[in-house]
Structures are given as structure tokens and as C-alpha cells.
Amino acid sequence: FFSFVVKQINFLRAVGDTFLSLCVWWPDIAKMTMLNPQFNNLPKLPGMGFGEELLRTDFRKSQLLNSKTGVQDKRVKPDVQPFDTLRLANTQLGGNTQAKMSLDRKVLRFQAFFKEGVHESPQEQERVRRCIVYYFLEDDTISVSEPKQDNSGIAGQGALIKRHQIPRPDGGAYSFEDFNIGREVMFYGKCFHLIDCDTFTRKFLLGLGVDVPEPEDQPQDQYTEIRRKVTAQMVPRKQKTGNDMDYHQGGSGRQAKLTPEEIGLTKQFLAHDKKVLRFYCQWDDRDSLYGDVRLYILHYFLSNDTIEIAETNPPNCGRDPFPSFVKRSKVPKQRDGQFVNPNASLSFKTETVEYFTDADLRIGNYLRIFGRTFLIYDCDEFTKNFLGSKYGITDFTPVDISQPGPPKIPVEPPPYNGFGDEEDSLGSWKYLVLKAPKKDIKKFMEHANNQLKFQLKLKGGDPSNAIRKFVLTYFLSDDTVSIFEPAQRNSGIIGGKFLQRQKVKKVGSDGLPTGEYIQPQDLYVGATVIINTHTFVVYSTDERSLTFMEYNAHQFPKSNIDIVLSNLRSMLVSRQTGLQHAFAAADSSGNGYLDYEEFAAIIERLQLPIAEQEILTLMRHFDRNSDGQISWTEFMDTVLPREVQSQYESKRDQAWEEIRAMAEQQTQDELDRFNSDMNGTVTQLNAFTDQAMRNFLEKWNQRRSLFMDVFRTVADHSPDGNIGEAEFRKAVQAKLKLGLTEKALKAVCYKLFPENLKRIPLLEFQRILNGTSTYVHLKPRR
């Protein structure tokens, strides 16, 4: 194996030496190969050459232009004569690229004419048509164009023949040798006679040694002579000036003096042309059958005192959109309450007709136009400025024409037909094109696995229903409810699904649906729920539901310990309830403890508005060892300490509702003082909150892994797997021990957990701290 490896290494070394030798001697090898005529016969294909660029040593850009008689022209080899260049450039001989480049953009231009017969005309028998012939020297192409002639009656003047090589009648193509003054060329059956050329063409042909004759005269036809005589007899129109205002020119060419009325109209037109007053009008035609109120726009043209009225139709009014209600004309005023059309009068007497002018147009005026009464209620800004400058009007207050609309008839949705969801069925009534009801995706993502379960029993009705039990499940993701009845042995109750998962509407005191759906706040222990005419009483719930409601106490007031303690404190202070004496006498065993049954019996006996859910909240709060009993001393010291008793001593004779209202006002005053302590103004409070948040984020960026482990631990121990203010405080104070002050901790909690978002998923909480969250409340304040 060792000898094999040595052979391979020697072989690779030999190949490398050969490659280096080829790289060094490659230019010489390529030069020798190219000098060999045998290799020049190789086809010009990729891979068949030896790289001519390797032998090139001069990379200069040669000069292509040459100055000749002040004109930049492409260079031509000196040994090639002009005639030879043209022949080399001729495409019939195969063409020469260098010769073509020397003749690029060089065109011979000839003036020519051809005669065209005119039939069925008594004035002429033939027409001489002028045209221009262009000969392009670079590729022997020809184009012919005819200049447009005024009043000639000839259609299609312009390009007669497009640029291309034109064949000769005897075969072949035309060349530059066939063009000269006095010659005739035949293009597609038409004989063109060349009569003149431009200066460049004459110099070019003379430079080639070609004799160029003098220009020839173009023959005239009969129609051209007639048009020349008519044009000579025409008198040009004279431009009017200020001195010529008093005269006008008739068809005979003679000038007549204008009347003063015509002079005034002309001056008015020149001074006020394109100036229009705009007024907004109303025509109230409700007195006639099927009449209504219609709106119009009145245009008054200052140039000739004419009026135009256009109707403004509101959308979906059902009227045809006529462009004009009254066409532009002078509108006569109505005399003696009757309209008389001056143009339809049969009398031979000359009657003076009075027309509307801008002096008659004011806001608030009524205009009687062709038997209809219009009220001017407003005008535009230009009209206001014009009337103010001419007549000194300053009051342009619009007239209020608003009409009380018809009473709105409340449109109630049709009753639910029982097919599908109610929202889905309402879609066919709300929309012409059916649309699926929108779902709250954010709510679904947050509460996808959150459910509240309650045990129910029927209230009243058949006594046999007293033993029936039901389990109600409330799905927080879409606010739907389902009821299941478990089977009971030897009872005759089969059990099964009692209510399919759906949204359930609340039922009012009158027994009719209120239109609102049952919310999670309506379900608690001790609540009465009416579903499909069945009255249920909630008598129990599971531990998970109780924990969820306590952690989201801002949504469930019956599980909010602060609200429950506030109400209970007010009841204990008031002597009218008798609650304090009832608690003192309820301890029948004399051990200083109260259980759930004793607590509930006291509330039921005194008929106080305390639900069983609130009693459960109190018991779960004060029952530290979970033995089902609370210490009376501990309970009273927490709910009603001595300083509170002395504070409310003077109010013990009041009702407990009044005492609670006073306590809430006191709490609000304390909150206001707290806000005042937090630097008073909102700006300073926001600045302090932002600074506290920045300090916390600095510590977070230093130890992210440690912080995430602690936050993950507290989230795992929470009932819903999310992080709230309680978990955050526990992690920061007990676990991380960051040493934040209570004021700074409150500011950070206020920033992270607003009122509408008290609990946040762990992943979203991590995005908040990393600055990648899209939550609205985390955007910086402006």
C-alpha cells in the first residue's frame, strides 16, 4: 500500500510539472501554430482556435473620424476612389462594411414631379403633383414623399413610397448613377421627372465628376392657376384695434359704423368673457300633484347677460339626468303675474321686454322663470366677490332650506329560522352577496384551550327533575355553550347531550330574549340561567374554573377578592344588616372558626346580596390550610380592623350601600393622591414609567437566559400557563431579587400589563422584552 501511494504522488508531480511548462511556453506555441498555414484552414468554431489575443501587443483605439471641409467624416482609405467606394458599398456587389460606414447618413435629395390624369372635371384634365425623392447612399434605398398642398383636395399626401430598394423596369435595382437633373425614373408605373436637387447632392455629384444641369421649372396645371387667381383676389381680414371699434366689415368688404348698443355689447363681451356667476336655487313644487323639492344651479354669463339653469339630481333619485333644465338664453321677466313669451307674440307692435340681470340675483330672492318660482339660497365665492365689489353687498348668509326628513322606520331583523348559526342566517338579510361571519382570531388564539365548567340543576317544574344533573361547558374562544347530562344508575335517566354547542341568548325578566348572548361573567355559583325555557341553577364548579376566574378577577367580579371584601366590609360596618352580631353568634362550637355551611347559613338568613361564588372566594382566600374553615379573628382583623371600625364609627347607622359608595370615593381619592405622588402630570408619569422600563430592560439584556428560566418556572405553576402581574412580582422580587422599589415595580407592571391585557402568554412576553411584539399598548407614546 505504501508503494502504491508513492507512485500516485510521483504521477501527480509529473502532471503538475507538465502543466507549468505549458503555461510558460504557451504564447510561443500559439504563435508557431498560427504561422503554420495548415492551422488556418481550421473551422472558426469554439475550441478550434489558439487565442489570437495572446499575440496582440497593441491595444490602441484607432481614429475613425476625419475633418474634411469643416465636417466630421469617417475616414476612407486613400487608395480607394469615390466611385470605387460607392461600388463597394452597393449591395448588388456584396457590399463592403468600411465603405458603407463612410456613406452612413448621406442622402441625395431631388425635387421631382409626376402627372396624374383627372377625369370627370370640367376645370382640368391632369394634375401636376410635386414630390421629393430621397436616395440613401449607404444601402441604395429610395423613398418618395409628397409635400402637403393647401386646398388641393388630394387625400393621402405625405409618404408616397416607403424606404426600400426599388427595382428597375428592365431588371436590377436603381443606383446613384440613375439620378440626375432632367432624367426620368419609373417607380411602380409612375414616371417621376427630376427637376432640381439640394446643395449637398450637387456638390457630391460634382465631386464624383458627374455633370449636374441647371434646375428646371416646374410646369403648372389648370387647377393650380385657378387657385392662385382666387387667392390673389381674397382680401385679408383686418385686425380690430381700439380706434376701429366703431366700425365693422360686411361681406362686401365695405365698413359700416356700429350702433351704440353694439359697441356696448362688444365692450361687455371683451371685459367679462368667461366670467360666470353661480347661484344655488330651489324649486318647491309640492303644491302640485306628485311634486317635490328640486335643486338647481343657475349660471349667469356676464359676457352677454344670458342665464342657464341645470338640475342637480341626488344619487338614486330616479330622475333622468338631463344636461340642462333651461338652455342658455336671455330670460324675460314676468309681467302682471303671467308669463308672456316675446318670441311667440302675434302683435305687430314693438313691445319693450325686460330681462333678468345680475342686479336681480341676490341670496333670498325669488325668481319667476318661465312659470316656475326659484329661490336663491346660496352662491359661490367668485359670485360673492363680484357682487360685493359691484353693488357693495356684504351679507351673504345662506338660506336654510333643510327639510325635516321622514321618520326613520326601525328595521328589525327577521326571526331566527333555526337553520345554521344565527349570525350566519342574518348574513342573508344584511348582505345581498352572502359573507361568512368574521371570527375573532386573536381571542381564539388566546383562549383556545380555556373552558369554564359548571354543574347545574333544574329549578321548579316536574319534581322528578330534581335528581337530574347537568354539566355546562363555556368555551371562552368563541363564547359558545354546551350542556351535557351524565347518566345516573337506577334512575331511568339515560343521559347524553342536552344542548349542542352554540351561542345562547339571555332571557329578560319578561321571558323574552334580550338579543345579547350569555357571557362568562353571567355564570357563577348561585346564578340562575334560563336556556331554551329551562331554568337552571348553578350550584358547583371545578377547581380549574375557580382558579381561572380568580386569576382573571378583572373580568369576573364575583371572584374579585377586592370587590367582595369591600362589599362585606360595608355590610359589617352597618348595623342595619346585623351581620357582625350574626357572625359572632354563629360559632356554635365556640372554637373561633366558621365553615362554609355556617357562613352560607348566615347570609341566607339575613337575605344579603352575596352570591355563593363570593362566599367561595372568601373561603378560598382565608382558608390557608384548606381544611374548610376560617379563623373568625383573622377574618375580622383583615376585613374590619380596629382603625377602620373607628373610621366608620359615625356611619354605622347608615345603609351599607351608602357606606360602600363612601369607601369607593375614598379609594378614588387615594388613587388621585397616588398619581400626584407619581410626579403629578401625565407627562412626568410617562417619563418615570419609561425610565423604569428602560432600567429593567438593561438588566434583562444582561442575563436573558436566567430571566427566561425564572419566568418559565412561574408560568408553569400558573393555572393557565400565562404570566400576569402576580407572577411577574414573584419572579422579580422572590426569585431574581432585582431590588426594584415598589414605585418602580408598579411602573413596570403598568407598562407590561394594562387594563385590557392582564395576562400574557410566555412567548409573547418574551417578544415584549425583546422589542419584537406587535401589541398596540407597547407602542411608544407621542
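Here is a short report on the structure shown in this document. Computed from a prediction, not measured in an experiment: that's the story for all the values here.

**As for the nonpolar core**
Core analysis: the largest hydrophobic core is formed by 29 residues, its most contacted members being Phe 696, Phe 711, Phe 728, Leu 752, Phe 753 and Phe 765. Those elements that place two or more of their residues in this core are helix 19 (682-702), helix 20 (704-716), helix 21 (725-736), helix 22 (742-752) and helix 23 (762-770). Those residues in contact with Phe 765 that lie beyond four places of it in its chain are Phe 711, Ile 723, Phe 728, Leu 752, Phe 753 and Ile 760. One finds Cys 131, Tyr 135, Ile 161 and Ile 166 within the second-largest nonpolar core, a separate group that totals 26 residues.

**Considerations on unusual backbone geometry**
The phi dihedral of Asp 479 falls on the positive side, at around 60°, and the residue is not glycine. Looking at the secondary structure, you find Asp 479 in the loop between strand 18 (470-475) and strand 19 (480-485). Its relative accessible area of 13% is what places Asp 479 among the buried residues. Positive phi, normally seen in glycine, also occurs at Lys 737, with a value near 55°. Following the sequence through the fold, Lys 737 ends up in the loop between helix 21 and helix 22.

**As for the packing of aromatic side chains**
For the coordinates displayed, the defined rule picks out 28 aromatic pairs. Here the aromatic rings of Phe 179 and Phe 187 are separated by 6.4 Å at their centres, their planes lie at 45°, and the arrangement is tilted. Each of the two residues, Phe 179 as well as Phe 187, counts as buried. Aromatic side chains Tyr 296 and Phe 325 sit 4.7 Å apart centroid to centroid with 50° between the ring planes, which places their arrangement in the tilted category.

**Digging into the sheet that holds strand 24 (residues 534-541)**
The strand order across the open sheet formed by 6 strands is 20-19-18-17-24-23, and the pairing between neighbours is antiparallel. Sheet topology places strand 20 (496-502) and strand 23 (528-531) at the edges, where each strand pairs with a single neighbour. Direction aside, neighbouring strands of the sheet carry axes that sit 30° apart on average. Summarising the sheet, strand 17 (residues 451-458) and strand 24 pair through 5 bridges and their orientation is antiparallel. Residue Phe 454 lies in a different strand from strand 24, and its bridge partner there is Thr 541. The sheet strands contacting helix 11 (residues 543-551) are strand 17 and strand 24, and the helix crosses strand 17 at an angle near 120°.

**What about the pattern of salt bridges?**
What the rule picks out here adds up to 31 salt bridges. When the shortest N-O distance is used, the salt bridge between Glu 225 and Arg 228 registers 2.9 Å. In this pair, Glu 225 and Arg 228 both sit in helix 6 (residues 222-233), 3 residues apart, roughly one turn of the helix. Note that Glu 485 and Arg 468 form a salt bridge whose closest N and O atoms lie 2.8 Å from each other.

**With respect to the packing of helix 20 against helix 21**
Contact pair helix 20 / helix 21: the axes reach a minimum separation of 10 Å and the direction vectors enclose 125°. The orientation of helix 20 relative to helix 21 falls into the category oblique. Handedness of the helix 20/helix 21 crossing: right-handed. Side by side, helix 20 and helix 21 meet where Leu 706, Phe 707, Val 710, Phe 711 and Val 714 of the first sit next to Glu 727, Phe 728, Ala 731, Lys 735 and Leu 736 of the second. In the contact of helix 20 with helix 21, the residues fall into 8 nonpolar, no polar and 2 charged.

The rules we used
- Residues numbered from 1 in each chain as written.
- Predicted model: local features only at pLDDT ≥ 70, side-chain atom pairs only at ≥ 80, totals over all residues.
- Heavy atoms only, no water.
- Core = buried A, V, L, I, M, F, W, Y, C linked by side-chain atoms within 4.5 Å.
- Buried < 20%, exposed > 50% of the residue type's maximum accessible area, 1.4 Å probe, protein only.
- Helix = DSSP H or I, 4+ residues; strand = E, 2+ residues; numbered from the N terminus.
- Contact = heavy atoms within 4.5 Å.
- Phe/Tyr/Trp six-rings, centres within 6.5 Å; stacked < 30°, edge-to-face > 60°.
- Pairing = 2+ DSSP bridges.
- Axes fitted to C-alpha atoms, helices over the stretch in contact; angles between N-to-C directions.
- Salt bridge = Lys/Arg side-chain N within 4 Å of Asp/Glu carboxyl O.
- Parallel < 35°, antiparallel > 145°, perpendicular 65-115°, else oblique.
- Left-handed = near helix turned anticlockwise from the far one by under 90°.
- Nonpolar A, V, L, I, M, F, W, Y, C, P; charged D, E, K, R; others polar.

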